[in-house]
Amino acid sequence: MALSTSVRMRHTAVGAVHAADRLSPALAASLAAPIFERTRPSRPVQEGERAVHLAASRQRLPLPHGDGVLYEWGSGARTVLLVHGWRGRASQFAPIIRELRAAGCHLVAFDAPAHGDASGRRTDIRSWTEAINRLHLKYGRFEAIVGHSLGSLAAMAAVRDGVSTRGVVGIAPMASGRYLFDAFADGMGLSAAAAAAQRDHYTRRVYPHAIDPWQRFDSIAAPLPRDVGLLLLHDRDDREIDAAQSELLHAAHGDRSRLLLSNGSGHSRLLAADRTLDAVSAFVDGGVEGVDRLGHGEERTVTAAA
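Residues numbered from 1 in each chain as written. Predicted model: local features only at pLDDT ≥ 70, side-chain atom pairs only at ≥ 80, totals over all residues. Heavy atoms only, no water.

Draft legend 1. Quick peek at the packing of aromatic side chains. Taken as a whole and assessed by the stated rule, the structure comprises 11 aromatic pairs. Residues Phe36 and Phe184 carry aromatic rings whose centres are separated by 5.0 Å and whose planes lie at 70° to one another, so their mutual orientation is edge-to-face. You can see Phe36 sitting in helix α2 (residues 25-37) and its partner Phe184 sitting in helix α7 (residues 177-188), a full 148 residues away along the chain. Each member of the pair, Phe36 as well as Phe184, carries the same accessibility label: buried. Plain terms: the ring middles of Trp214 and Phe217 are 5.5 Å apart, the flat faces sit at 45° to each other, and that makes the pair tilted. Of the two residues, Trp214 and Phe217, both sit in the buried class. Chaining the aromatic ring pairs together yields one cluster made of Phe36, Phe181, Phe184, Tyr202, Tyr207, Trp214 and Phe217. (Phe/Tyr/Trp six-rings, centres within 6.5 Å; stacked < 30°, edge-to-face > 60°. Helix = DSSP H or I, 4+ residues; strand = E, 2+ residues; numbered from the N terminus. Buried < 20%, exposed > 50% of the residue type's maximum accessible area, 1.4 Å probe, protein only.)

Structure follows, in structure tokens:
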């Protein structure tokens, strides 16, 4: 089967980066930067998500670095915020939205700038934290915040910055912002010098006045506040974010964290897995104790070490 145009273009770009890395790590970093920051083409709404996507109340979400799209479902007293990941979109949460709306929750989600139905061709991690803060001002305390992938990283940073919630759900999360760069460099085959140059280039562009902005995104060195519960779901077959990231997060949060590991769902299908839906519903209703009351079948529940 022939490679798609986008795959062929990526292979060509990676080859150019490798060739440049042998001559100049700085040049390789400059060529890798657009690949790291690419958001398009937009992920389409899948057929199984369409009904939920079309049922949402929607409006423009003005943000300092580009406008997003705000979605709402239901009108219950408990508001749950859903935060998609890089190259994701709000409609990916359709199975969770169906479950929680049926339980009487008010669901809020957004497409970040240059994602989903939002306009733009470029964005960065600031838009996620800006959106979470903007929605916290609009809706007040969240019953829970459910984040997928990069959305989990942003959600935990926002909560440490003061966003109020009873609990955070991390689905295929990463433990620190540094992982973003390390995983990208490993996937691209960048030399250590080129990887450092690419990370510094991105940092200077996004946080030009901060000395070490990535401390803000380190949930190992700075865990969530003590009164915030944490549910972590990760698949051992995830090829984008290693399940060890969830294990690190779990170890850093002790007995207020629950980690559910599975096999066969990968990075995105995990959002629709039955055990994910059961665990998220139980956590929203009863925190980590609610998760403890579930029967987990073959899925392993890792509780805090004594």
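Draft legend 2. Structural context of the nonpolar core. By size, the foremost hydrophobic cluster in this structure holds 57 residues, and its most contacted members are Phe110, Ile125, Ile132 and Leu190. Per-element tally for this core: the top contributor is helix α6 (residues 150-160), with eight residues. Beyond its immediate chain neighbours, meaning those up to four positions away, Leu190 contacts Val17, Asp21, Ala32, Phe184, Ala185 and Ala195. Formed by 33 residues, the second largest nonpolar core is a distinct cluster that contains Val69, Ala90, Ala94 and Leu100. (Core = buried A, V, L, I, M, F, W, Y, C linked by side-chain atoms within 4.5 Å. Contact = heavy atoms within 4.5 Å.)

Draft legend 3. Structural view of unusual backbone geometry. Positive phi is not limited to glycine here, since Arg87 has a value of about 65°. Position of Arg87 relative to the elements: it lies in the loop between β3 (79-83) and α4 (94-102). In this structure, Ala172 is a non-glycine residue whose phi angle is positive, near 55°. You can see Ala172 is positioned in the loop between β6 (167-171) and α7. Judged by its relative accessible area of 0%, Ala172 is buried.

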